[in-house]
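Okay, here's what each chain looks like letter by letter:
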Amino acid sequence: MATIKIKQIKSKIGYPVDQKRTLEALGLRKIGQEIEKEDTPALRGMIRKVHHLVTVID
């Protein structure tokens with residue numbers, strides 16, 4: 001399957017606990033951190049939940 005790169009672009013401070021936990025589940029802990037994961041429907045749903053805090057790179 002294809003992979004997808006995700007970068008955290010905004011702090012999680014001041015956002016609901018469920019969004020903070022979603023970022024942690026993605027493996028994002030710091031602003032500017034990038035991860036590469038396998039592109040699955042579950043991952044897309046997690047990205048959609050925190051779309052205002054992350055960006056998808058290529």
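Above: the structure in question.
This one's a predicted model, so the numbers in the text were calculated from it and none came from an experiment. (Residues numbered from 1 in each chain as written. Predicted model: local features only at pLDDT ≥ 70, side-chain atom pairs only at ≥ 80, totals over all residues. Heavy atoms only, no water.)

**Student:** Could you clarify how one ought to interpret the side chain of glutamine 8 in this entry?
**Tutor:** Residue placement: glutamine 8 occurs in strand 1 (residues 3–8). You can call glutamine 8 buried: its relative accessible area is 3%. Excluding residues that lie within four positions of it along the chain, glutamine 8 makes contacts with Leu23, Leu28, Arg29, Lys30, Ile31, Gly32, Gln33, Leu53 and Val54. (Helix = DSSP H or I, 4+ residues; strand = E, 2+ residues; numbered from the N terminus. Buried < 20%, exposed > 50% of the residue type's maximum accessible area, 1.4 Å probe, protein only. Contact = heavy atoms within 4.5 Å.)

**Student:** Hey, could you run me through the sheet that holds strand 1 in this one?
**Tutor:** One open sheet accounts for three strands, arranged 2-1-3; its pairing is antiparallel. Looking along the sheet, the strands with just one partner apiece sit at the ends: strand 2 (34–38) and strand 3 (54–57). The mean angle between the axes of side-by-side strands here comes to 30°, regardless of whether they run parallel or antiparallel. With five bridges joining them, strand 1 and strand 2 adopt antiparallel strand pairing. The residue bridging isoleucine 6 from the neighbouring strand is isoleucine 35, located in strand 2. Of the strands in this sheet, strand 1, strand 2 and strand 3 touch helix 1 (residues 17–26), which is tilted by about 75° from strand 2. (Pairing = 2+ DSSP bridges. Axes fitted to C-alpha atoms, helices over the stretch in contact; angles between N-to-C directions.)

**Student:** Explain the nonpolar core here, please?
**Tutor:** Nonpolar side chains in soluble globular proteins generally cluster together in the buried interior. If you look at the biggest cluster of nonpolar residues, it comprises 11 residues: Ile4, Ile6, Leu23, Leu26, Leu28, Ile35, Leu43, Ile47, Val50, Leu53 and Val54. For this core, the secondary-structure elements that each account for two or more residues are strand 1, helix 1 and helix 2 (41–49). The contacts of leucine 53, once residues within four sequence positions are left out, are Lys7, Gln8, Ile9, Lys10, Ser11, Tyr15, Gln19 and Leu23. (Core = buried A, V, L, I, M, F, W, Y, C linked by side-chain atoms within 4.5 Å.)

**Student:** Would you take a moment to explain the environment of methionine 46 for this structure?
**Tutor:** Within the secondary structure, methionine 46 sits in helix 2. The partly exposed category is assigned to methionine 46, whose relative accessible area is 24%. The spatial distance from the C-alpha of methionine 46 to the C-alpha of glutamine 19 is 9.0 Å, given a sequence separation of 27 residues. The residues touching methionine 46, leaving out its near neighbours within four places in the chain, are Thr22, Ala25 and Leu26.

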